[in-house]
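Geometric and topological summary
So the chains spell out like this:
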Amino acid sequence: MGLAKRIIPCLDVKDGTTVKGTNFVNLRQAGDPVELGKAYSDAGADELVFLDITASHEGRKTFTDMVTRVAAEVNIPFTVGGGVNELADVERLLYAGADKVSVNSAALRRPSLIDEIANRFGSQVCVCAIDARLEEGHWTCYVNGGRIPTGRGLLEWAKEVADRGAGEILFTSMNHDGVKQGFALDALAQLHDLLPIPVIASGGAGKKEDFRDAFTIGKADAALAASVFHFGEIAIPDLKRYLRAEGIKTRI
């Protein structure tokens, strides 16, 4: 059956609190990130992602302190991102206890950052997040939390990211984010067929079948979600039992 598929809750953190929006706007609060992280770890999540969505200078200190607290409470790997612009940021977050670091806007602006992280800390540390929107049949990459289009196409940027040494790609469809109508399956399948590294699906989880489709039709290696977990709509143990019944290998 190959490698087990991973289920990854994502916690967007703003001013020390977990928040969740729809299509990257209309944020609402979802709880304490450390408590949520521990609950997900205990419930059988495979990994966690924490994103500092307003990584201002003061926010960085708050976020780094949170990373230290998370590391003390969870026993599964976790990735952190938001405002990672240079090796010193990566070092700070790894030292605080993170297992992997996610880069997005800074990598699009200065792609050599990916090479630097991979060369210094290893490819397994470098997750490249890509936020893209489907516009007139073409996927365009965005920076600054989905605010600014770059003109870079999803597939060509993803290929460059892999060539530069990133360990995996976290692809979020901005069209699907928070809408709960399923993941961007065609784009996921294209990424899988193109790339030699794992792809994490993000944006669109609304029901258990959406995860199944991400793994079978989209060929994703992992599926990430936020609101369906934060607001109790899907329990991770139930999701994993469902996936196993559908013939998809997961860690129970």
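Residues numbered from 1 in each chain as written. Predicted model: local features only at pLDDT ≥ 70, side-chain atom pairs only at ≥ 80, totals over all residues. Heavy atoms only, no water.

Any two aromatic rings considered together are summarised by their centre-to-centre distance and by the angle between their planes. Within this structure, the stated rule accounts for five aromatic pairs. Between Phe183 and Phe211, the aromatic rings sit 5.9 Å apart at their centres with planes inclined by 70°, giving edge-to-face as the arrangement. Taken as a pair, Phe183 in the loop between β10 (168-173) and α7 (185-194) and Phe211 in helix α8 (residues 208-216) lie far apart in primary sequence, 28 residues in all. For the pair Phe183 and Phe211, one class covers both residues: buried. (Phe/Tyr/Trp six-rings, centres within 6.5 Å; stacked < 30°, edge-to-face > 60°. Helix = DSSP H or I, 4+ residues; strand = E, 2+ residues; numbered from the N terminus. Buried < 20%, exposed > 50% of the residue type's maximum accessible area, 1.4 Å probe, protein only.)

As a further point, take helix α5 (residues 112-121). For α5, the complete set of buried residues consists of Leu113, Ile114, Ile117 and Ala118. Seen end-on, α5 carries its buried residues on one side only, within an arc spanning 130°. Summarising the contacts, the buried residues of α5 are in contact with α3 (87-96), β6 (100-103), α4 (105-109), β7 (126-135) and α6 (154-164). A positive backbone phi angle near 100° is found at Gly122, which sits one or two residues after α5. (Arc of directions from axis to C-beta. Contact = heavy atoms within 4.5 Å.)

Time to look at the pairing of strand β5 (residues 78-81). With burial as the criterion, each face of β5 is covered, one bearing Phe78 and Val80 and the other bearing Thr79 and Gly81. Pairing of strand β4 (residues 48-52) with β5 involves four bridges; the strand directions are parallel. From the neighbouring strand, Leu48 faces β5, where its bridge partner is Phe78. Inspection of the sheet shows β5 paired to β6 by three bridges, in the parallel sense. Looking at β6, one finds that Thr79 is bridged to Lys100. Once the chain exits β5 it traverses α3 before rejoining the sheet at β6, and the crossover so formed is right-handed. (Pairing = 2+ DSSP bridges. Right-handed = clockwise from strand over helix to strand, strands pointing away.)

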